[in-house]
Amino acid sequence: MTNFREIKPTEISDNFIRSIGQEWMLITAGDRQRSNAMTASWGMVGQMWGKPAALVVVRPQRYTRELVETHDMLSLAFFDAAYRSALEYCGSRSGRDEDKVHNAGLTVDYTEAGTPMIREARLVLECRKLYRDDLRGEAFLDSGLAGKWYPEKDFHRMYMLEIVRVYVKK
């Protein structure tokens, strides 16, 4: 982590609607023995319960979900445009079948707390899980959304995260 410096969450200047929805992010979870990263284009960053917070969603079939479930900490990584193909690669492969982070040309590193993160990122949010719940079809007020995004009924699990540390590239 020598090429990063820590900043306060209030010092982040990113537009997260663009960063998450258009540039994407990697959700990385696990430990030094086993970790994985998945590409995500849905999520939020803001304030919740008096804490800087992020919300991410993970489908049940994703390998990363197993790691998110078994660890309290995870990281969200944001990248420059030069890494778009690496994010596409991580979004189209499973970490069950290969070391997709390595094969995408990326490197898993670890924060001082031992949270896996991606060294090539320009911005990393180190997060602690606060809350989780599964999305449910009957809870959608706009029923067309459930039909459009979940034809297989594989509803995401939502995680509310506290942003405990923020790292930016030096």
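Residues numbered from 1 in each chain as written. Predicted model: local features only at pLDDT ≥ 70, side-chain atom pairs only at ≥ 80, totals over all residues. Heavy atoms only, no water.

A. Focus on the packing of aromatic side chains. Overall, the coordinates contain seven aromatic pairs when judged by the stated rule. Taken together through their ring pairs, the aromatic side chains of Phe140, Tyr150 and Phe155 make up a single cluster. (Phe/Tyr/Trp six-rings, centres within 6.5 Å; stacked < 30°, edge-to-face > 60°.)

B. Examining the layout of surface pockets more closely. Of the pockets and cavities examined, the largest pocket occupies roughly 300 Å³. If you trace the largest pocket, you find 13 residues lining it, with Trp42, Gly43, Met44, Leu55 and Val57 closest to the centre. Of all the secondary structure elements, the ones that give two or more residues to the lining of the largest pocket are strand S4 (43-48), strand S5 (51-58) and helix H5 (143-149). Considered class by class, the residues forming the lining of the largest pocket number 10 nonpolar, three polar and no charged. As a volume, the second largest pocket reaches approximately 250 Å³. Thr39, Ala40, Ser41, Arg62 and His156 are the residues nearest the centre of the second largest pocket, which is lined by 13 residues in total. At the level of elements, strand S3 (35-40) and helix H3 (84-92) are the ones that each hand at least two residues to the lining of the second largest pocket. Split into classes, the residues belonging to the lining of the second largest pocket amount to six nonpolar, four polar and three charged. (1 Å grid on protein atoms, 1.4 Å probe; cavity = no way out; pocket = protein on both sides within 12 Å on 5 of 7 lines; lining within 4 Å. Points joined across faces, edges and corners; volume = space filled by probe spheres on them. Helix = DSSP H or I, 4+ residues; strand = E, 2+ residues; numbered from the N terminus. Nonpolar A, V, L, I, M, F, W, Y, C, P; charged D, E, K, R; others polar.)

C. Representation of the pattern of salt bridges within the structure. Inspection of every chain in the model, using the stated rule, returns 18 salt bridges. Among the salt bridges present, the one from Lys51 reaches Glu162, with a minimum N-O distance of 3.9 Å. Highlighted residues: Lys51 in strand S5 and Glu162 in strand S10 (residues 157-169), separated in sequence by 111 residues. Look at Glu162 and you get buried, because its relative accessible area is 14%. Two residues, Arg119 and Asp109, come together in a salt bridge whose shortest N-O distance is 3.5 Å. Separated by 10 residues along the polypeptide, Arg119 in the loop between strand S8 (116-118) and strand S9 (123-134) and Asp109 in strand S7 (residues 108-110) bring together distant segments of the chain. (Salt bridge = Lys/Arg side-chain N within 4 Å of Asp/Glu carboxyl O. Buried < 20%, exposed > 50% of the residue type's maximum accessible area, 1.4 Å probe, protein only.)

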